[in-house]
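# Descriptive analysis of the structure
As a plain string of letters, each chain reads:
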Amino acid sequence: LWSMVAPQELIANSCLIVMGSEGRGEQIQKTDQDNALLLRDGFEHAELHDITARFNAGVAALGWPPCPGNIMLTNPLWCAPVARFRETVRDWVHGHDAEGPMHLAIFFDAAAVAGDASLLAEVQEHMTRVATASDAFIARFGAAADQFHAPTNWWAQLTGHADEQPLDLKKLGTFPIVHGVRALCLKHGVRDSGTAARIERLRAMGVLDAAMALDLTEALHFLMGLKLRYQLRQRAAGTSASNLVRPSDLSTMEREQLKSALAINRGFRALLRQRLRLGAL
């Protein structure tokens, strides 16, 4: 699509990137867009605004709806020369914007799709240098992994009763693992793209022990698979897919595995609180 709407000179002097689950290679069903364009310093194109608008509209026509947070090429924040984007990254780390850590988390998962990938590599190297120099920012960044908590009776809920409250498989399941691993990678300068690959790199570096790495990988894959199976059941029943699951709708085996995955999640959160010094916030 980019090659259809962008002239060759723009493609050669820019880097089109996707972020979030797309950038990590973990998107299974289509979600809203998360994309950006890095421009070579000094390069300008008179029709850039129209080209990016056609691109984002085309992606929407292919089934990826516009991002509610406007994280797309049509937003000047996400379509900028490398020098300006480097300054934006610095502001996310050292500024007072409450959305800085969230924006950095989105960009951390960036993957090059077309154009000059060295432009992305330059900004990523800058991001690593700036972020790893601030333990306070790393703690603030990683704290998001510990922001969602299951109900106090979550273990009892996984018994199959029909009146239990639904659990959010993203907020309570996949997100703490994905973002917690992301925070450890930012702290230790790891830039592998997928969460499983990041876990393996952290294990090889000695940041995670072998048992924790294996547990996290298996828990992540189980939770991703469970969320997909449950959403497919919802769609087959004519309802919209969501991340909320009622334990009574799960099989006995799925409930037992979900118990184990959430227990692993709790242990990982405890490790993050220690390693990232979240208690000092």
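Below or above, wherever it landed, is the structure these notes cover.

### So, the overall build of the chain
When its secondary structure is counted, the chain shows 13 helices and six strands. Along the longest, intermediate and shortest principal axes, the C-alpha atoms of the chain span 60 × 45 × 30 Å. A total of 281 residues make up the chain; the buried ones form 48% of that total. Accessible surface for the chain amounts to roughly 13200 Å². Of this, 53% is attributable to carbon and sulfur atoms. In the chain, 29 side chains carry a positive charge and 30 a negative one; their mean positions are 5 Å apart.

### Section: the side chain of Arg-269
Tracing the sequence through the fold places Arg-269 in helix α13 (residues 252-275). With residues near it in sequence (within four places) discarded, Arg-269 still touches Ala-145, Asp-146, Phe-148, His-149, Lys-171, Leu-172 and Pro-176.

### Some details on the packing of aromatic side chains
Aromatic rings in a pair are described by how distant their centres are and how their planes are angled relative to each other. Within this structure, the stated rule accounts for six aromatic pairs. Judged by centre distance (5.3 Å) and plane angle (85°), the ring pair of Trp-2 and Phe-55 falls under edge-to-face. Of this pair, Trp-2 sits in helix α1 (residues 2-5) while Phe-55 is found in helix α4 (residues 48-61), placing the two residues 53 residues apart along the sequence. For Phe-55, a relative accessible area of 7% puts it in the buried group. Aromatic side chains Phe-137 and Phe-141 sit 5.9 Å apart centroid to centroid with 35° between the ring planes, which places their arrangement in the tilted category. Highlighted residues: Phe-137 and Phe-141, both in helix α8 (residues 135-142), separated by four residues, approximately one helical turn. Three or more aromatic residues joined by ring pairs form one cluster here, namely Trp-78, Phe-85, Trp-92 and Phe-107. Geometry around Trp-64 places Lys-30 over its ring, the cationic atom sitting 4.5 Å from the centre.

### Remarks on the pattern of salt bridges
For the coordinates displayed, the defined rule picks out 13 salt bridges. With a closest N to O distance of 2.7 Å, Glu-26 and Arg-24 form a salt bridge. We note that Glu-26, like Arg-24, is buried. Across the pair Arg-24 and Asp-109 runs a salt bridge, and its minimum N-O distance is 2.9 Å. Here Arg-24 is found in helix α3 (residues 20-24), whereas its partner Asp-109 is found in the loop between α6 (100-108) and β4 (111-115), with 85 residues between them in sequence. Of the two residues, Arg-24 and Asp-109, both sit in the buried class. In this structure, a network of salt bridges that share partners links the residues Arg-24, Glu-26, Asp-109, Arg-182 and Arg-198.

### Considerations on the pairing of strand β2 (residues 35-39)
Along a regular strand, successive side chains alternate from one face of the sheet to the other. Most of β2 is tucked away, with five of its five residues classed as buried. On β2, burial covers both faces: Asn-35, Leu-37 and Leu-39 on one face and Ala-36 and Leu-38 on the other are all buried. Note: strand β1 (residues 14-18) against β2, five bridges, orientation antiparallel. What sits directly across from Ser-14, in β2, is Leu-39. Bridge analysis of β2 against strand β3 (residues 79-81) gives three bridges, and the strand direction is parallel. Bridge assignment links Leu-39 to a residue of β3, and that residue is Pro-81.

### Some points on a nonpolar patch on the surface
Together, Leu-1, Met-4 and Leu-62 line one region of the surface with nonpolar side chains, adding up to about 330 Å² of accessible area. Relative to the assigned elements, Leu-1 resides in the segment before α1. Since its relative accessible area comes to 35%, Leu-1 is described here as partly exposed.

### Looking at α4
The first and last C-alpha atoms of α4 sit 20 Å apart over 14 residues, in line with the 20 Å expected at 1.5 Å per residue. Within the sequence span of α4, burial applies to Leu-48, Ile-51, Thr-52, Phe-55, Asn-56, Gly-58 and Val-59. Seen along its axis, α4 keeps its buried residues to an arc of 160°; they face one direction. Of the residues in α4, the exposed ones pointing more than 90 degrees away from the buried face are His-49 and Ala-61. Looking one or two residues beyond α4, the residue adopting positive phi is Gly-63, at roughly 115°.

### Looking at a negative patch on the surface
On the surface, Glu-87, Asp-91, Asp-97 and Glu-99 cluster together into a patch of negative charge. In this fold, Glu-99 is placed in the loop between α5 (82-94) and α6. Given the relative accessible area of 43%, Glu-99 is considered partly exposed.

Conventions and cut-offs
- Counting restarts for each chain: residues are numbered from 1 in the order of the written sequence.
- Given that this is a predicted model, residues contribute local features only at a pLDDT of at least 70 and side-chain atom pairs are listed and counted only at 80 or more, while totals for whole chains, interfaces and linings are drawn from all residues.
- Excluding hydrogens and water, the side-chain figures rest on all heavy atoms present in the structure.
- Helix and strand assignments come from DSSP, with helices taken as H or I runs of at least 4 residues and strands as E runs of at least 2, each series counted from the N terminus.
- Whether a residue is buried, partly exposed or exposed follows from its accessible area with a 1.4 Å probe, protein chains only, as a fraction of its type maximum: under 20%, in between, or over 50%, in that order.
- Computed with a 1.4 Å probe, the accessible areas rest on the Shrake-Rupley method; for each residue, only the protein chains presented here act as cover.
- Residues scored as positive are Lys and Arg, those scored as negative are Asp and Glu, and His as well as the terminal groups of each chain are ignored.
- Taken as the charge centre is NZ of Lys, CZ of Arg, CG of Asp or CD of Glu, depending on the residue.
- Contacts: residue pairs with any heavy atoms within 4.5 Å of one another.
- Stacked, edge-to-face and tilted labels apply to pairs of Phe, Tyr and Trp rings (six-membered ring for Trp) whose centres lie within 6.5 Å, assigned for plane angles under 30 degrees, over 60, and everything in between, in that order.
- Charge over a ring is defined by NZ of Lys or CZ of Arg lying within 6 Å of the ring centre and within 35 degrees of the ring normal.
- By definition here, a salt bridge exists when the distance from a side-chain nitrogen of Lys or Arg to a carboxyl oxygen of Asp or Glu is within 4 Å.
- Strands are labelled as partners when DSSP assigns at least two bridges between them.
- Patch membership requires more than 30% relative accessible area and the absence of a salt bridge. Residues of like charge join within 9 Å; the nonpolar side chains Val, Leu, Ile, Met, Phe, Trp and Tyr join within 5 Å.
- To estimate how far a helix should reach, multiply one less than its number of residues by 1.5 Å.
- Note: the arc covers the axis-to-C-beta directions of the helix.

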